[in-house]
Amino acid sequence: MNATGFGAQIDDLVLARARRGDGAAFEQIYRRYSRAAYTLALRLCGRGDLAEDVVQEAFMKAIEKLGSYRGDAPFGAWLKRLVANCAIDRLRLEKRWIDPELAALPEPHQEAGGEAQVEVLGLLARMSAPARATLVLHELEGYSHTELAQLFGKSESYSKSLLSRGIARLRGLLEPEASPRAMEEAR
Amino acid sequence: MNDWRTYLHALPEAEAPEALWQRIAQARAASAPSPRSFARWRPAAGLAAAVALAALLALPRDVPLPTTGAYVAPAVTALPAALDSTALRALDDAIALAYARDATQDELDSLWQTRERLLGSPADSEPLLARL
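Please read these numbers as outputs of a predicted model, since none were measured by experiment. (Residues numbered from 1 in each chain as written. Chains lettered and ligands numbered in written order. Predicted model: local features only at pLDDT ≥ 70, side-chain atom pairs only at ≥ 80, totals over all residues. Heavy atoms only, no water.)

## Some thoughts on the packing of helix α1 (residues 12–19) of chain A against helix α2 (residues 23–45) of chain A
Residue and element names in this part refer to chain A.
Item 1. Between α1 and α2, the least distance of the axes is 7 Å, while the angle of their chain directions is 125 degrees. In this view, α1 runs oblique relative to α2, as classed from their interaxial angle. Crossing geometry of α1 relative to α2 is assigned as left-handed. Contacts from Val14, Leu15, Arg17 and Ala18 in α1 reach Ala24, Ala25, Phe26, Gln28 and Ile29 in α2.
Item 2. Here the contact of α1 with α2 is composed, by residue class, of seven nonpolar, one polar and one charged. (Axes fitted to C-alpha atoms, helices over the stretch in contact; angles between N-to-C directions. Helix = DSSP H or I, 4+ residues; strand = E, 2+ residues; numbered from the N terminus. Parallel < 35°, antiparallel > 145°, perpendicular 65-115°, else oblique. Left-handed = near helix turned anticlockwise from the far one by under 90°. Contact = heavy atoms within 4.5 Å. Nonpolar A, V, L, I, M, F, W, Y, C, P; charged D, E, K, R; others polar.)

In structure tokens form, the structure reads like this:
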């Protein structure tokens, strides 16, 4: 079975050509990974316009840094980290990286967007950016708490507490009667 | 659907808008050095490029590129086939309640380690990856 998304392979020769400024090679790289990059950016940012900016920035950085890519990780994994880093940086810049522990914050509402965006985000759109990012990166993209801690600039304990809250939040959205909070209140 | 992991893993992907590629291509073209600035260096640049290409093509394909450190594969992201979802659910409940009642760090660490064993994932101690 061919790997998809960031797991897809890219020929070393294409990378070498892209390093030398070959536009066709750069487009080949973009076509191979744009779907995975855009999906990840959309899930992290919660908005299509931010996701597009993040993907653009990530690919521009990829070309800029391609000379320093040494092949110690698969190219897709390297690119995925670029996308995630750009997304978190953008969320901070937009002041959307709001700590869910600040309980006074209102529930995040679903941003207006196209049908595809709504499907891709689903209930994630109703979560805070940090909780959404933790769920997506840990559960779907395989980030460890060590890596999340470094990405967020926080401790592993913070990452774990975010994941626990994110899981509880998502479960609460999926099955409100059976959420841990509901069970606790019922005792 | 009553399993949050199944829900997450079933979320669809999205194609990037075609207009995004046009934006990126234009941004790349705008940031590339102008042809005029290359004019004086073209002969030397061409010779250097030819030498570099010859060296690259002469490399055996299986020679590993220099590495800066061991690559640690990310945790498996696909749903494990035989995961005890009932046990995981109960454990996630216990973790959430532990945070809610301000449990000690030792207790939290113990619960998280149990969760990682249940998921069959390695201990969460991968070496730090430098931010790109």
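Moving on from the model shown.
## Let's talk about helix α5 (residues 85–100) of chain B
Think of an α-helix as 3.6 residues a turn; residues three or four steps apart then line up on the same face.
All names here are of chain B.
Item 1. The end-to-end C-alpha distance of α5 is 22 Å, a good match for the 22 Å that 16 residues give at a rise of 1.5 Å each.
Item 2. Among the residues making up α5, those that are buried are Leu88, Leu91, Asp92, Asp93, Ile95, Ala96, Leu97 and Ala98.
Item 3. Count one or two residues on from α5 and you reach Asp102, which has phi positive near 60 degrees. (Expected span 1.5 Å × (residues − 1). Buried < 20%, exposed > 50% of the residue type's maximum accessible area, 1.4 Å probe, protein only.)

## Quick word on the confidence of the model for chain A
Any residue range with low pLDDT should be treated as having predicted coordinates unsuitable for detailed reading.
Item 1. With 83% of its residues at a pLDDT of 70 or more, chain A shows a mean pLDDT of 85.
Item 2. Low pLDDT (under 50) marks residues 102–110 of chain A, which in the prediction has 10 contacts with non-local residues, meaning those over four places away or in another chain. (pLDDT = per-residue confidence, 0-100.)

## As for the packing of aromatic side chains
Item 1. As enumerated under the stated definition, the model contains seven aromatic pairs over all chains in all.
Item 2. Taking 5.4 Å as the distance between ring centres and 85 degrees as the angle between the ring planes, the aromatic pair formed by A:Tyr69 and A:Phe75 counts as edge-to-face.
Item 3. Overall, A:Tyr69 belongs to the buried group, its relative accessible area being 7%.
Item 4. Cluster of aromatic residues (ring-pair linked, three or more members): A:Phe26, A:Tyr30, A:Phe59 and B:Trp21.
Item 5. Against the face of A:Tyr143 rests A:Arg81, its NZ or CZ located 4.7 Å from the ring centre.
Item 6. It is A:Lys154 that lies over the ring of A:Tyr158; its NZ or CZ is 5.1 Å from the centre. (Phe/Tyr/Trp six-rings, centres within 6.5 Å; stacked < 30°, edge-to-face > 60°. Lys NZ or Arg CZ within 6 Å of the ring centre and 35° of its normal.)

## Notes on unusual backbone geometry
Item 1. Backbone geometry places B:Asp102, a non-glycine residue, at a positive phi of 60 degrees.
Item 2. If you trace the backbone, B:Asp102 turns up in the loop between α5 and α6 (105–119).

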